[in-house]
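One-letter residues, chain by chain:
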Amino acid sequence: MSTPAPAPVRHYLQFTDLSADEYAHVLTRAAEIKRKFKAYEKYHPLADRTLAMIFEKASTRTRVSFEAGMYQLGGSVVHLTTGDSQLGRSEPIEDSARVISRMTDIVMIRTFGQDKIERFASHSRVPVINGLTNEFHPCQILADLFTLLEHRGLDAQGKPDPSYLKGKVVAWVGDGNNMANTWLQAAELLDFTVHLSTPSGYEVDQAVAGLRSADCYKIFQNPQDACRGADLVTTDVWTSMGYEAENEARKKAFADWCVDEAMMQVAKPDALFMHCLPAHRGEEVSAEVIDGPQSVVWDEAENRMHVQKALMEFLLLGRVQA
Ligand code: CP
Ligand code: NVA
């Protein structure tokens, strides 16, 4: 008698790794998991499971949200960095993946090139989650979309309704970086448009972003024009982790790409402002905007934890129904 083949391992390495239908499920679960957390309702579906977190770059939000989130789901966590593991002493990534995935149930990695996380995943027995690479930051965009729906797109039952996103405009002001690439993947999958304004030399590369076409975005030279009529205005640091050597050149190139009140004024009157954080007031965003009434950055940061709990539940247990 033959035994059924095990279900293939699902990874979350870029935004396109889940379908629109799976996002609808995960977002609904995130709302329910958040409700339980706020009500101090115990929910331990991942008891006895272990999350390995591997950080090759610094983090506050990703570390705290994954670590606290896994404990809240009844599991436990192992925290590794390049400096305190053999990863920093050139053990091959493939060997690290084989070993770590025999001892843990799910792995989150923050690293440099996307190729590294892909090599790890292809030798891992367990799901691997992208906690930020040079190219993508899918957990952040998942949190951002959840936050947008929480504020603007709930259905009659109070559940996040991804159909709200259809036809909406997200203005991206700044670097054509991992966040910008991931917004574009989300726009292509969930049917909204990104207005992109980046300084010359810092444009998004459509091939790196992995888009099927250019239909989901429009390019604007002037950042204020990108914000006109937007439902959401968002930005990020001028210099991402790993690009510190370019800091001075970037400060000059990005000087006009600061989201300020004038930019928010041309967006829709009920437009929201988001920033994945950490932020530099007076560089990519003015203090008036990030600390102002349209900013939802603290909800956005908190929601990292709720959506990632829903994501880990989905990758390990499939479609849990309420
Ligand atoms: N937004 C985000 O990923 O923050 P950290 O770098 O603090 O994890
Ligand atoms: N683009 C930034 C995001 C930080 C959360 C970086 O990669 O450093």
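Since the model is a prediction, treat every value here as computed from it, not as a measurement.

Parameters at a glance
- Residues numbered from 1 in each chain as written.
- Chains lettered and ligands numbered in written order.
- Predicted model: local features only at pLDDT ≥ 70, side-chain atom pairs only at ≥ 80, totals over all residues.
- Heavy atoms only, no water.
- Near = heavy atom within 4 Å.
- Polar contact = N/O pair within 3.5 Å; in protein donor to acceptor, adjacent residues only side chain to side chain.
- Nonpolar A, V, L, I, M, F, W, Y, C, P; charged D, E, K, R; others polar.
- Axes fitted to C-alpha atoms, helices over the stretch in contact; angles between N-to-C directions.
- Helix = DSSP H or I, 4+ residues; strand = E, 2+ residues; numbered from the N terminus.
- Parallel < 35°, antiparallel > 145°, perpendicular 65-115°, else oblique.
- Left-handed = near helix turned anticlockwise from the far one by under 90°.
- Contact = heavy atoms within 4.5 Å.
- Pairing = 2+ DSSP bridges.
- Core = buried A, V, L, I, M, F, W, Y, C linked by side-chain atoms within 4.5 Å.
- Buried < 20%, exposed > 50% of the residue type's maximum accessible area, 1.4 Å probe, protein only.

A.B. asks: Looking at this structure, how should I read the site of ligand 2?
C.D. replies: The environment of ligand 2 is formed by Leu132, Asn177, Asn178, Asp236, Val237, Ser240, Met241, Cys276 and Leu277. Note that a nitrogen atom of ligand 2 is positioned 2.6 Å from one of the side-chain N or O atoms of Asp236. Across the shell around ligand 2, the residue classes break down as five nonpolar, three polar and one charged.

A.B. asks: Honestly, the site of ligand 1 in this entry has me stumped. Any pointers?
C.D. replies: Neighbouring ligand 1 are the residues Ser59, Thr60, Arg61, Thr62, Arg110, His137, Gln140, Cys276, Leu277 and Arg304. In the model, an oxygen atom of ligand 1 is placed 2.9 Å from a nitrogen or oxygen of the His137 side chain. Residues that form the shell around ligand 1 fall into these classes: two nonpolar, five polar and three charged.

A.B. asks: Would you take a moment to explain the packing of helix 5 (residues 138-152) against helix 12 (residues 297-317) for this structure?
C.D. replies: Contact geometry of helix 5 with helix 12 gives a least axis separation of 8 Å together with a crossing angle of 110°. Classed by the angle they form, the pair helix 5 and helix 12 counts as roughly perpendicular. The crossing of helix 5 and helix 12 is right-handed. Contacts between helix 5 and helix 12 involve Cys139, Gln140, Leu142, Ala143, Asp144, Phe146, Thr147, Glu150 and His151 on the former and, on the latter, Asp299, Glu300, Asn303, Arg304, Val307, Gln308 and Leu311.

A.B. asks: I keep staring at the sheet that holds strand 9 (residues 272-275) and nothing clicks. Help me out?
C.D. replies: Strand order in the open sheet made by the five strands is 7-6-5-8-9, with parallel pairing throughout. Sheet topology places strand 7 (217-219) and strand 9 at the edges, where each strand pairs with a single neighbour. The sheet shows a mean angle of 20° between the axes of neighbouring strands, direction not considered. Pairing of strand 8 (residues 232-235) with strand 9, which is carried by four bridges, proceeds in the parallel orientation. Considered in strand 9, the bridge of Leu232 is made with Leu272.

A.B. asks: Hey, could you run me through the nonpolar core in this one?
C.D. replies: Buried together is how nonpolar side chains tend to be arranged in soluble globular proteins. Among the nonpolar cores identified, the biggest contains 60 residues, and Tyr12, Ile129, Trp183 and Phe192 are the most heavily contacted of them. Per element, the largest residue contribution to this core is eight residues, and it comes from helix 5. If near-sequence neighbours (up to four positions away) are discounted, Tyr12 is found in contact with Asp17, Leu18, Tyr23, Val128, Ile129, Asn130, Pro138, Cys139, Leu142, Leu311 and Leu315. Ranked by size, the runner-up nonpolar core spans 22 residues in total, among them Val169, Trp238, Trp257 and Val285.

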